[in-house]
Amino acid sequence: MVAGGEVDPACAGAARHSLAAMRRWSLTIADMPAVHAVRAVETAFSGVPGVTGAAVWMGGATVDHDGTVTRAALEAAVSLAGCVVVDAREERRLRVLGV
């Protein structure tokens, strides 16, 4: 507590929320002939530094990352899996922590 009866947000017992920047690439991927290509792309993304999660399906993917992952890095990973990125867009979102 601080003067006036207000709760100090730095107080350990206070309910606090913080915002963390989260980045996500949304990709359109070509040359994914079968389910094994989905697994190959997932595996390739796991080797890219900064990737925190990925969802891959036939024809596309979303890749969550820490802000350091470039389109070129994702294109290289997808290429290793034998596929091609035909479109990519990056979104910056805020998520609430401590809820």
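Up top is the structure these notes are about.
All values derive from a computational prediction rather than experimental measurement. (Residues numbered from 1 in each chain as written. Predicted model: local features only at pLDDT ≥ 70, side-chain atom pairs only at ≥ 80, totals over all residues. Heavy atoms only, no water.)

K.L.:
For unusual backbone geometry, give the residues involved together with the corresponding values.
P.N.:
The phi torsion at Asp31 lies on the positive side, around 65°, for a residue other than glycine. Along the chain, Asp31 falls in the loop between strand E1 (18–30) and helix H1 (35–46). (Helix = DSSP H or I, 4+ residues; strand = E, 2+ residues; numbered from the N terminus.)

K.L.:
Got a sec to walk through the pattern of salt bridges? Specific residues and values, please.
P.N.:
Counted under the stated rule, the structure contains four salt bridges. Among the salt bridges present, the one from Arg23 reaches Glu90, with a minimum N-O distance of 3.8 Å. Taken together, the residues Arg23 in strand E1 and Glu90 in strand E4 (residues 84–97) connect sequence positions 67 residues apart. Arg23 gets classed as partly exposed once you look at its relative accessible area, which sits at 27%. Given the relative accessible area of 34%, Glu90 is considered partly exposed. (Salt bridge = Lys/Arg side-chain N within 4 Å of Asp/Glu carboxyl O. Buried < 20%, exposed > 50% of the residue type's maximum accessible area, 1.4 Å probe, protein only.)

K.L.:
Please give an account of helix H2 (residues 71–80) that cites residues and values.
P.N.:
Within H2, the full set of buried residues consists of Leu74, Ala77 and Val78. Around the axis of H2, the buried residues are gathered within 95° of arc, so they sit on the same side. Looking one or two residues past H2, Gly82 carries a phi angle of roughly 85°, positive in sign. (Arc of directions from axis to C-beta.)

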